[in-house]
Amino acid sequence: MGYLFSTPLIIGVLAFAIYPMFAALYMSFLQTGGSAMSGTWVGASNYEYVMKDPIFWQSLYNTFYMGIFSVILGIGLSFILASLINSLKWDLGKNFFKGVYFLPNVVSAVATSLLFSFLFYPAKEGLLNFVVGWFNIEPVGWFTDPRYSRFSIVLMSLWGALGYNTIIFLAGLQSVPRDLYEAAEVDGAGGLKRWYYITIPYLRPIFVFMLIMGTIGGMKRFTDVWLIGGTAGNPGGSLMTAVLYIYRNAFLASQMGVATAASYLLFIIILILTIFMMLMNRRKNSID
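Bear in mind the structure is a predicted one, so any value in this text is a computation, not a measurement. (Residues numbered from 1 in each chain as written. Predicted model: local features only at pLDDT ≥ 70, side-chain atom pairs only at ≥ 80, totals over all residues. Heavy atoms only, no water.)

*Asks:* How would you sum up the overall build of the chain? Please name residues and give values.
*Replies:* A tally of regular secondary structure across the chain gives 13 helices and two strands. Across the 288 residues of the chain, 37% fall into the buried class. Summed over all atoms, the accessible surface of the chain reaches about 17,100 Å², with 71% contributed by carbon and sulfur. Of the charged side chains in the chain, 17 are positive and 12 negative; the average position of the first set lies 3 Å away from that of the second. (Helix = DSSP H or I, 4+ residues; strand = E, 2+ residues; numbered from the N terminus. Buried < 20%, exposed > 50% of the residue type's maximum accessible area, 1.4 Å probe, protein only. Areas by Shrake-Rupley, 256 points an atom, 1.4 Å probe, with all protein chains shown as cover. Lys, Arg positive; Asp, Glu negative; His and termini not counted. Charge placed at Lys NZ, Arg CZ, Asp CG, Glu CD.)

What follows is the structure in structure tokens.
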């Protein structure tokens, strides 16, 4: 009876998760425009093509660049904000700042991109350029200059994800036993030492979780760069990410075999990074 009630879910998982994974793996060895039935077997040629394509490596560089900055700055800033909010003595203030910082998380990626397109408008009419103009600084092409476009995307993503990370850290901070702080205070440890030697080590599992999830999300970056830079990853390909590279080959160039090969290469990279971070955390636990 249990399997009978589970049948709809099992069918859904098989049809929309398991089958597409194996179908994509099979298609990565075909030359096809989208159908595994009409493709021609080419072996590992698609993988060789992707590995020799300089655009793919450029997209990986852009992905890592934006991902590393987004993860490091996102975790660091959200942890500091969560610590400051948690230190407030009045509950009304805590709830107010929780709502303020979590609000951007409910805004859609399209609305966020439109908002930052106005804030980062490259001419002096842009709000940010208008402010820097007070200091006699020439207008900056935040989204139009390859030197600044990647970091501008990082700033935009920070605004959107900061609230979620802050709420997760707040939940972890409230679970730290008060006895540890009181014992450290009796031993003469100040607030900064208690924060460094008690709070941070106690929240290490949350740091690892945020690091892994942030890395996976950063490696799959697509929506914001597509909305800002289009399918070409403008300006000058600086916003071309790995997923955008896959999208271009699959739906613009109709090279589904190349796209699925790039997808599995990206999957392997994400898997290696995830396993590496988990092993490093396990090694740290064993040392402790």
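On we go.
*Asks:* Summarise the packing of aromatic side chains; cite the residues concerned and give the values.
*Replies:* Enumeration according to the criterion identifies 26 aromatic pairs in this entry. With a centroid separation of 5.6 Å and 70 degrees between ring planes, the pair formed by Phe 56 and Trp 57 is classed as edge-to-face. Taken together, a centroid distance of 6.4 Å and an interplanar angle of 25 degrees make the contact between Phe 97 and Tyr 101 stacked. Separated by four residues within a single helix, Phe 97 and Tyr 101 lie in helix 4 (residues 91-102), roughly one turn from each other. Look at Tyr 101 and you get partly exposed, because its relative accessible area is 28%. Connected via pairs of aromatic rings, a cluster forms that spans Phe 116, Phe 120, Trp 142, Phe 143, Tyr 148 and Trp 159. (Phe/Tyr/Trp six-rings, centres within 6.5 Å; stacked < 30°, edge-to-face > 60°.)

*Asks:* Tell me about a nonpolar patch on the surface, and please be specific about residues and values.
*Replies:* Together, Tyr 3, Leu 9, Ile 10, Val 13, Leu 14, Ile 18, Met 21, Phe 22 and Leu 25 line one region of the surface with nonpolar side chains, adding up to about 930 Å² of accessible area. With a relative accessible area of 58%, Phe 22 lands in the exposed category. (Patch = residues over 30% accessible without salt bridge, like charges linked within 9 Å, V, L, I, M, F, W, Y side chains within 5 Å. Salt bridge = Lys/Arg side-chain N within 4 Å of Asp/Glu carboxyl O.)

*Asks:* Summarise the packing of helix 3 (residues 54-86) against helix 10 (residues 204-219); cite the residues concerned and give the values.
*Replies:* Where helix 3 contacts helix 10, the axes come no closer than 9 Å and their chain directions differ by 150 degrees. Compared by their axis directions, helix 3 and helix 10 come out roughly antiparallel. In this structure, helix 3 meets helix 10 at a crossing whose hand is right-handed. Contacts from Leu 60, Thr 63, Phe 64, Gly 67, Val 71, Ile 75 and Phe 79 of helix 3 reach helix 10 at Phe 207, Met 210, Leu 211, Gly 214, Thr 215, Gly 218 and Met 219. Per-class residue counts for the contact of helix 3 with helix 10 are nine nonpolar, five polar and no charged. (Axes fitted to C-alpha atoms, helices over the stretch in contact; angles between N-to-C directions. Parallel < 35°, antiparallel > 145°, perpendicular 65-115°, else oblique. Left-handed = near helix turned anticlockwise from the far one by under 90°. Contact = heavy atoms within 4.5 Å. Nonpolar A, V, L, I, M, F, W, Y, C, P; charged D, E, K, R; others polar.)

*Asks:* Explain the nonpolar core to me, using residue names and the numbers behind them.
*Replies:* Counting 21 residues, the largest nonpolar core has Val 50, Phe 56, Tyr 245, Ala 262 and Leu 266 as the members making the most contacts within it. Of all the secondary-structure elements, those providing two or more residues to this core are helix 2 (45-52), helix 3, helix 12 (242-252) and helix 13 (256-287). Listed in part, the 16 residues of the second largest apolar core include Ile 75, Ile 85, Leu 203 and Phe 207. (Core = buried A, V, L, I, M, F, W, Y, C linked by side-chain atoms within 4.5 Å.)

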